[in-house]
Amino acid sequence: MNIMNDEFYMSLALDMAERAQGQTGINPVVGCVVVKDGAVIGLGTHLQRGTGHAEVHALNMAAGKAQGSTAYVTLEPCSHYGKTPPCSQRLIDEGVARVVVACEDPNPQVAGRGFEMLREAGIDVEVGLLRSRALRLNERFIKYILTKQPFVTLKSASTLDGKLATRTGDSKWISNAQAREIVHTLRHRHQGIMVGVGTVIADNPSLTTRLEVPGLHPVRIVIDSGLRTPLDANVVTGGEAPTIIVTTTAADPAKKAALEAAGVTVITCGDGPRVDLKAAMVKLGEMEIGSILLEGGGTLNGSMLQSGLVDRVVLFYAPKIVGGGAEAPGTFDFPGVALMKEAITLEGLEVEVLGDNVCISGTPVR
């Protein structure tokens, strides 16, 4: 049984924020709970960039009854005028007596100023309750706001011997239905989904979100140094989501024009023979793509990981062994290290059993 205390209400605020992942673009997900005289009088979640923040929705629900209340907020209330007025001022105007916040806002426009405004107004401010959970919830926002580059989650499903397919290229299905549902939820929660052109040619994927209920489709991003993407590929003809193809200056101008005529955005990163992945992350960040789910093959996975461009790794393993040697593609294909102590390691490991599949996730140690 959950005990009613500050953690009880902050958990509720975090639960609400979590449900909004994928909806806020480059903005954070935030939840707010307003409590007075032992009763919840307002609930709010930030739902979409440019619309009211969590505190605003919660205070609107409180309908003028927030005088002397406590507000539980998962992220430091903003203190500046952006697309919406500052939430700190709204909390002050409503007469909130106490504000409990999970974590500070890393946005340089906020960064403690929200706390300062509240304290100067005589409001009791407490910071740090369930901080780790709150930071993890907004890890994509934090990476983007500090670097202006997308947070990259590398997802892969493989056999126990690390193969993405058999030696004949057959890959359906390695993972089970439960694992695939999680993958589609990850697509919903990221702004972009990235693959290499080899995946497009071999599998002709749609790269859309398919769940029991409607989900958001990420922007489709294809790394294609030589513009080999077929004009009849699903990522070109399917209108469910925009498509960006990242190529080099060596690509055929006529093919570039044909793809653009079909509605694809083509951006150039590097002079060849391969796309400059670091430059691509910068350019995609400039296009306000704050998070990317990487579903690449071994070559793209290996290049992104070795370049230090992967922020989180999510690996699904099925209880299958297919062998095949070099003919069967593996999860990571890069030159590799000479010594075990040089291996790329993961920290903050999480392990989840999904029926007969296992999901291992963590953060690469830089």
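Everything quoted here is computed from the prediction, not taken from an experiment. Residues take numbers from 1 onward in each chain, read along the sequence in its written order. In keeping with the predicted nature of the model, local features appear solely for residues at pLDDT of at least 70, side-chain atom pairs appear and are counted solely at 80 or more, and the whole-chain, interface and lining totals rest on all residues. Excluding hydrogens and water, the side-chain figures rest on all heavy atoms present in the structure.

1. Thoughts on unusual backbone geometry
Operational definition: Helix numbers and strand numbers start at the N terminus; a helix is a DSSP run of H or I with at least 4 residues, a strand a run of E with at least 2.
A cis amide bond, omega -10°, links Lys 172 with the succeeding residue Trp 173. One can find Trp 173 in the loop between strand S6 (151-159) and helix H7 (177-189). Here the phi dihedral of Lys 148 falls at roughly 60°; this positive angle occurs in a residue that is not glycine. Here Lys 148 is to be found in the loop between helix H6 (139-147) and S6. Phi at Leu 207 takes a positive value of approximately 60°, unusual for a residue other than glycine. Structurally, Leu 207 can be placed in the loop between helix H8 (197-203) and strand S8 (219-223).

2. Concerning the sheet that holds strand S12 (residues 312-318)
Threshold: Think of it this way: DSSP has to see at least two bridges between two strands before they count as a pair. Fitted lines through C-alpha atoms serve as axes, helices being fitted only where they are in contact, and the angles separating the N-to-C directions of these axes extend from 0 to 180 degrees.
Taken in spatial order, the 9 strands of this open sheet run S10-S9-S8-S7-S11-S6-S12-S14-S13, and their pairing is mixed. The sheet is open, and its two edges are formed by strand S10 (265-268) and strand S13 (346-354), each paired on a single side. Neighbouring strand axes in the sheet, compared pairwise and without regard to direction, differ in orientation by 20° on average. Of the pairings in the sheet, the one linking S12 to strand S14 (residues 357-364) comprises 5 bridges and is antiparallel in character. From the neighbouring strand, Tyr 317 faces S14, where its bridge partner is Val 358.

3. Regarding helix H10 (residues 253-261)
Counted only if it meets this: Under this definition, polar contacts are N or O atom pairs within 3.5 Å; protein pairs additionally need one hydrogen-donor-capable and one acceptor-capable atom, and for neighbouring residues in sequence, both atoms have to be side-chain atoms.
The opening residue of H10 is Asp 252, an N-cap whose side-chain oxygen sits 3.1 Å from the backbone nitrogen of Ala 254. Phi for Gly 263, located one or two positions after H10, is positive at around 100°.

4. Let's talk about the layout of surface pockets
Vacant regions in the atomic arrangement are exposed by a probe of water-molecule size rolled over the atoms. Counted only if it meets this: We place a 1 Å grid over just the protein atoms. Points where a 1.4 Å probe fits but has no way out form a cavity, open points with protein on both sides within 12 Å along at least 5 of 7 lines form a pocket, and any residue with an atom within 4 Å of a point lines it. Grid points are joined across faces, edges and corners, and a volume is the space filled by probe spheres set on the points. Residues are sorted three ways: Asp, Glu, Lys and Arg are charged, Ala, Val, Leu, Ile, Met, Phe, Trp, Tyr, Cys and Pro are nonpolar, and all the rest, Gly among them, are polar.
Roughly 1300 Å³ of internal volume is contained in the largest pocket. Lining the largest pocket are 45 residues, and of these Thr 199, Asp 203, Glu 295, Gly 296 and Gly 297 sit closest to its centre. The dominant element in the lining of the largest pocket, judged by the number of residues it contributes, is H8, at 5 residues. Among the residues making up the lining of the largest pocket, the classes are represented as 16 nonpolar, 18 polar and 11 charged. Lining the second largest pocket are 22 residues, with Arg 136, Leu 186, Arg 189, Arg 312 and Glu 350 sitting closest to its centre. Contributions of two or more residues to the lining of the second largest pocket are made by helix H1 (6-19), helix H5 (131-137), H6, S6, H7, S12, S13 and S14. Here the lining of the second largest pocket takes 4 residues from H7, the largest share from any one element.

5. Here's the deal with empty space enclosed by the protein
In total, this model carries 1 cavity of 30 Å³ or more according to the counting rule given. For the largest cavity, the calculated volume is near 170 Å³. Around the largest cavity, the lining is made up of 18 residues, and of these Thr 24, Gly 25, Asn 27, Arg 140 and Arg 189 lie nearest the centre. No other element matches H6, which puts 3 residues into the lining of the largest cavity. Classifying every residue of the lining of the largest cavity by side-chain character gives 6 nonpolar, 10 polar and 2 charged.

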